[in-house]
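Residue-level structure breakdown
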Amino acid sequence: MDFNLNEEHRMLQGIVREFVEKEVAPRARHVDETGEFPWDTLRAMGKLGFLGLNVPEQYGGAGADALSAALLLEEIGRGCGSTGLIVAAHLGLACGPLALFGAEAQKKRWLVPMAQGQILGCLGLTEAGAGCDLRGIRTTAVRDGDGWRIDGSKMWLTNGAEAGLAILLCRTGDGFSHFLIPTDAPGVGFGPPEQKMGLHGSHTYAVSLDDVRVPGENLLGVEGRGLAQTLQVLDGGRVGIASLSLGLAQAAYAAARTYARTRQTFGHALNEHQAIAFMLADMVTEIEAARWLVYRAATLRDQGRPYTKEAAIAKLFTTEMAERVARNAIQIHGGYGYSQEYPVERIYRDARLMTIGEGTSEMQRLVIARHVA
Ligand SMILES: Cc1cc2nc3c(=O)[nH]c(=O)nc-3n(C[C@H](O)[C@H](O)[C@H](O)COP(=O)(O)OP(=O)(O)OC[C@H]3O[C@@H](n4cnc5c(N)ncnc54)[C@H](O)[C@@H]3O)c2cc1C
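Residues numbered from 1 in each chain as written. Predicted model: local features only at pLDDT ≥ 70, side-chain atom pairs only at ≥ 80, totals over all residues.

1. Some details on the pairing of strand 2 (residues 140-144)
Both strand 2 and strand 3 (residues 147-158) contribute to a ladder of five bridges, which runs antiparallel. When the sheet's bridge partners are listed, D144 is paired in strand 3 with G147. If you look at the hairpin formed by strand 2 and strand 3, you'll find two residues sitting between the two strands, and G145 has a positive phi there, around 65 degrees. (Pairing = 2+ DSSP bridges. Helix = DSSP H or I, 4+ residues; strand = E, 2+ residues; numbered from the N terminus.)

Here it is, written out as structure tokens:
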């Protein structure tokens with residue numbers, strides 16, 4: 001087993017790291033404080049091909065593999081959680097299902113502009129009464145001549161109103177199906193962005209669907225197979241969220257390490273106190289363990305092997321690890337860690353979502369248990 005990244009992966013990692021250090025990280029505090037959607041950064045990422053990194057070249061993407069996408073999100077996560085979540089949702093939840101289940105015409109119409117960064121995408125699964133248990137979905141799609149009529153509402157759409165396309169999971173008779181809904185279609189109404197604990201630059205919306213009409217060709221994949229398709233999409237999305245969390249953890253660790261080397265107490269730098277040095281050692285150990293879980297899940301996907309369990313393990317461990325690391329990074333900063341003057345409180349707030357979105361930790365344990373118990 002080769003534990004080294006190949007030349008191509010290292011090159012990509014270097015390019016993204018440089019971009020993030022110059023363009024993303026310096027704006028993270030502003031994005032968090034103002035809630036400004038980072039359009040400029042995203043446009044620049046679109047030009048660099050990041051917004052279609054693992055989309056096949058024939059559909060406007062860079063044709064890179066899943067490990068490359070993981071590296072991209074890890075690096076962005078080191079700079080800004082909000083920007084990372086926008087990109088993770090666009091790539092994993094919107095480009096992902098189109099690449100997996102889209103018909104040729106759907107890919108040309110929607111995947112190409114999304115991969116080229118001209119429009120963002122989003123995925124709407126969750127509703128007020130349906131989160132972990134998607135069988136509670138009430139939004140319906142009913143046949144209407146050659147097309148479909150969609151009525152209902154969705155919650156928590158990452159990128160919602162900023163996206164050009166929403167992929168929605170709707171009830172179709174006894175089953176569920178995905179539909180491609182242009183966000184400017186008559187009858188689609190977004191609420192204001194939700195007021196959240198963190199990830200302020202990544203906007204999250206409720207959307208209502210009132211007599212929305214779409215043509216028959218907007219059904220994505222197979223009618224009635226929406227839940228199975230969703231599980232497949234979430235496998236990939238979970239590796240994305242784990243990668244982002246890996247980046248957040250590294251940012252928290254780096255801030256804690258720098259602080260521990262400069263702050264003096266009892267005549268010594270903090271990192272000379274064993275309790276603090278051990279905290280840093282634990283952080284590095286957990287980050288390293290998580291990295292290999294994430295890379296393994298991505299690599300299995302690239303090899304075309306089953307990776308559902310491995311994606312769940314990577315997400316469960318890495319997201320919970322990121323929260324622990326960010327928590328301890330605050331602890332190492334003492335009172336200053338609780339202040340907005342230092343980045344660790346923002347990283348902590350951003351990391352907190354990761355154990356909830358794209359399948360809670362409890363759902364990951366359920367998936368893993370199904371494979372092992
Ligand atoms: C910032 C943010 C962005 C989001 N982005 C999107 C998005 O882009 N698209 C989208 O569709 N959704 C999105 N979501 C929604 C998210 O995926 C859901 O919040 C999540 O799936 C949990 O659903 P729920 O909130 O309804 O919790 P519930 O399903 O009500 O669960 C509540 C709690 O009970 C636990 N629980 C539930 N069932 C069980 C069980 N059987 N055993 C043990 N524990 C259980 C859960 O793990 C959780 O801790 C987003 C949410 C947030 C906060």
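2. Some words on the domain arrangement of the protein chain
Assigned domains of the protein chain: these are domain 1 (7-119), domain 2 (122-225) and domain 3 (227-372). If you average the C-alpha positions of domain 1 and of domain 2, the two centres end up 22 Å apart. Contact residues are listed per partner, giving 23 residues for domain 1 and 20 residues for domain 2. Secondary-structure elements contributing two or more residues to the side of domain 1 that touches domain 2 are helix 2 (28-34), helix 5 (81-101) and helix 6 (104-115). Per element, the largest residue contribution to the side of domain 1 that touches domain 2 is eleven residues, and it comes from helix 5. Here the residues of the side of domain 1 that touches domain 2 are counted per class, giving 14 nonpolar, seven polar and two charged. (Domains from an automatic or database assignment. Contact = placed C-beta atoms within 7 Å. Nonpolar A, V, L, I, M, F, W, Y, C, P; charged D, E, K, R; others polar.)

3. Details of the site of the ligand
Near the ligand, the surroundings consist of 22 residues, among which L125, G131, C132, T360 and E362 are the closest. Those elements that provide at least two residues to the shell around the ligand are helix 5, strand 1 (120-124), strand 3 and helix 11 (361-372). Across the shell around the ligand, the residue classes break down as twelve nonpolar, seven polar and three charged. Formed jointly, the shell around the ligand draws a minimum of three residues from each of two domains, domain 2 (122-225) and domain 3 (227-372). (Near = placed C-beta within 6 Å.)

4. Structural notes on helix 6
Every buried residue belonging to helix 6 is among K107, W110, L111, M114 and A115, and all of these are buried. Across the axial projection of helix 6, the buried residues extend over an arc of 125 degrees, all falling on one side. For helix 6, the secondary structure elements touched by its buried residues are helix 5, strand 1, strand 4 (163-172) and strand 5 (175-182). Count one or two residues on from helix 6 and you reach G117, which has phi positive near 80 degrees. (Buried ≥ 20, exposed ≤ 12 C-beta atoms within 10 Å, placed from the backbone. Arc of directions from axis to C-beta.)

5. Quick word on the packing of helix 9 (residues 308-333) against helix 10 (residues 344-353)
Relative to each other, helix 9 and helix 10 sit at 160 degrees, their axes nearing to 9 Å. Relative to helix 10, the element helix 9 is oriented roughly antiparallel. Crossing handedness for the pair helix 9 and helix 10: left-handed. Residues A322, E323, A326, R327, A329, I330 and H333 of helix 9 touch helix 10, and the partners they reach there are V344, E345, I347, Y348, A351 and R352. Residue composition of the contact of helix 9 with helix 10, grouped by class: eight nonpolar, one polar and four charged. (Axes fitted to C-alpha atoms, helices over the stretch in contact; angles between N-to-C directions. Parallel < 35°, antiparallel > 145°, perpendicular 65-115°, else oblique. Left-handed = near helix turned anticlockwise from the far one by under 90°.)

6. A closer look at the nonpolar core
Most often, soluble globular proteins have nonpolar side chains that are buried together. Counting 118 residues, the largest nonpolar core has F179, A252, V294 and A326 as the members making the most contacts within it. The greatest single-element share of this core, amounting to 16 residues, is contributed by helix 7 (residues 226-262). With residues near it in sequence (within four places) discarded, A252 still touches V325, A326, A329, V344 and I347. (Core = buried A, V, L, I, M, F, W, Y, C linked by C-beta atoms within 7 Å.)

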